Amino acid sequence: MACCAGSWRRLSDSEGEEIAPKRRSPLLDRQGAFWKNAMGFWLLGLCNNFSYVVMLSAAHDILRHQRAPGNQSHVDPGPVPVPHNGSSRFDCNSVSTAAVLLADILPTLLIKLLAPFGLHLLPYSPRVLVSGVCAAGSFILVAFSHSVGTSLGGVVLASISSGLGEITFLSLTSFYPRAVISWWSSGTGGAGLLGALSYLGLTQAGLSPQHTLLSMLGIPALLLVSYFLVLTSPAPQDPGGEEDTETAARQPLMSSEAPESKPDSGSSLSLQERWTVFKSLLPHIIPLVLVYFAEYFINQGLFELLFFRNTSLSHAEQYRWYQMLYQAGVFASRSSLRCCRIRYTWILALLQCFNLGFLMADMWFSFLPSIYLIFLIILYEGLLGGAAYVNTFHNIALETSDEHREFAMATACISDTLGISLSGALALPLHDFLCHLS
């Protein structure tokens, strides 16, 4: 793959143009470019994960919502009891919110499984355009849907957007200074917090879910602006000379052709080299799979079953608060790389699995007396998950060579998706089992 995704701007207007007598200091130019790229990757992380998070925050509403005849506002017509197993000790939807999780993650899993074998042949710009269009389509389709099936189709579009965007932008970080990984991670954490908080706040303020989703259509537009206008052309990792630098600088971002591959780029790796790199990544991949399996089993398998009746919050409101607090923890820890770095991420995996066991025990025995204790545990759960994500990719960036880094980043990003997919698959039968208990 080429050295860079390209840039909307060119460093010079023509090859023969003379250098102006007065120029800005190269140090100032580099600093300006760094901060533009840092902000660009933060915004890309924010926009890329936003639709994914909003769909999970809206999962309870998507499954519980029923339109009354003639009701076009997406507002529940009244306090009609929700159909569920009346003999169950839990307040259950007929379908687990894990169904939304699977619709939100399986397309991402498929993209990430296939990506290392051919996605590099497609230039970055078309990938970003597809990601932005799918994100916008997801909000529109879910907002105007009349059935759970149509809503889940919108969730699938959000998954395609998020999955394609994540593997694209993480691969793109290999052409920039390693510091942009922490900015990307912080942005993805910000997406979780802003997405969950905006959905919670707007619906709590009385806005219908439909209008809430439509109000978020500016986010996909911001994604495109961040990529095409904010990011600058990256400097070559190991420039072979002035000619290479000029070629990289002149590659337009909207190029319709795939850029030429460099001899040391990830796209030129043999199958044997890819297998060797993959095996070296397993100590990073396995702990991250476990972390995400445990936390999303909690989020989509247990959240809707951890229902407190001795509070003023309704069941749907409790679920939204759980999602928002989890995302707040994720944002804080994904933004913490500059002050806290963790090399042994398997410790985080063990702590997250303990969280899962503890909350499953509480769901069964109901020994926690207050929802606020659950709030604290969920915040802590988010801190562990965000720390695992940002430190895993930071460690990979440090430990892989330049020629392997693009492939390594694209391959390792399957870890969280695989863990989430496994948790969703197991949460569905658990939901059915628990909701049929008397």
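Residues numbered from 1 in each chain as written. Predicted model: local features only at pLDDT ≥ 70, side-chain atom pairs only at ≥ 80, totals over all residues. Heavy atoms only, no water.

S.K.: Explain the packing of aromatic side chains to me, please; I cannot follow it from the model alone.
M.R.: Each aromatic ring pair is described using two quantities: the centre-to-centre distance and the angle formed by the ring planes. Under the defined criterion, the tally for this structure stands at 20 aromatic pairs. On the basis of an interplanar angle of 75 degrees and a centroid distance of 5.1 Å, the ring pair of Phe 41 and Tyr 176 is categorised as edge-to-face. In this pair, Phe 41 sits in helix α1 (residues 26-57) while Tyr 176 sits in the loop between α5 (148-172) and α6 (180-204), placing the two residues 135 residues apart along the sequence. In terms of burial, Phe 41 and Tyr 176 fall into one category: buried. With a centroid separation of 6.0 Å and 15 degrees between ring planes, the pair formed by Tyr 292 and Tyr 296 is classed as stacked. Placement of both Tyr 292 and Tyr 296 in helix α10 (residues 271-302) is noted, with a separation of four residues, approximately one turn of the helix. The class of Tyr 292 is buried, set by a relative accessible area of 3%. Here the aromatic cluster, defined as three or more aromatic residues joined through ring pairs, consists of Phe 303, Tyr 319, Trp 321, Tyr 322, Tyr 372 and Phe 375. (Phe/Tyr/Trp six-rings, centres within 6.5 Å; stacked < 30°, edge-to-face > 60°. Helix = DSSP H or I, 4+ residues; strand = E, 2+ residues; numbered from the N terminus. Buried < 20%, exposed > 50% of the residue type's maximum accessible area, 1.4 Å probe, protein only.)

S.K.: Help me out: how do you make sense of the nonpolar core in this one?
M.R.: Formed by 101 residues in total, the largest nonpolar core has its most connected members in Leu 172, Tyr 227, Leu 302, Tyr 322 and Phe 393. With residues up to four places along the chain from it excluded, the contact list for Leu 302 reads Phe 297, Leu 356, Leu 359, Met 360, Met 363 and Leu 430. (Core = buried A, V, L, I, M, F, W, Y, C linked by side-chain atoms within 4.5 Å. Contact = heavy atoms within 4.5 Å.)

S.K.: How should I be thinking about helix α13 (residues 371-399) in this particular structure?
M.R.: Each full turn of the α-helix corresponds to 3.6 residues, which orients residues three or four apart in the same direction. Given a rise of 1.5 Å per residue, 29 residues ought to cover 42 Å, and the 42 Å separating the end C-alpha atoms of α13 matches this to within 8%. Counted residue by residue, α13 has 21 buried out of 29 residues, so it is predominantly covered. Looking at where α13 begins, the residue whose side-chain oxygen comes 3.1 Å from the main-chain nitrogen of Tyr 372 is Ser 370. (Expected span 1.5 Å × (residues − 1). Polar contact = N/O pair within 3.5 Å; in protein donor to acceptor, adjacent residues only side chain to side chain.)

S.K.: So what exactly am I meant to see when it comes to a nonpolar patch on the surface here?
M.R.: A contiguous nonpolar surface patch, about 730 Å² in accessible area, is contributed by Tyr 344, Trp 346, Ile 347, Leu 350, Leu 351, Leu 379, Tyr 380 and Leu 383. The set of elements that each furnish at least two residues to the nonpolar patch consists of α12 (346-365) and α13. In terms of residue count, the dominant contributor to the nonpolar patch is α12 (four residues). For Leu 351, the location among the structural elements is in helix α12. The class of Leu 351 is partly exposed, set by a relative accessible area of 34%. (Patch = residues over 30% accessible without salt bridge, like charges linked within 9 Å, V, L, I, M, F, W, Y side chains within 5 Å. Areas by Shrake-Rupley, 256 points an atom, 1.4 Å probe, with all protein chains shown as cover. Salt bridge = Lys/Arg side-chain N within 4 Å of Asp/Glu carboxyl O.)

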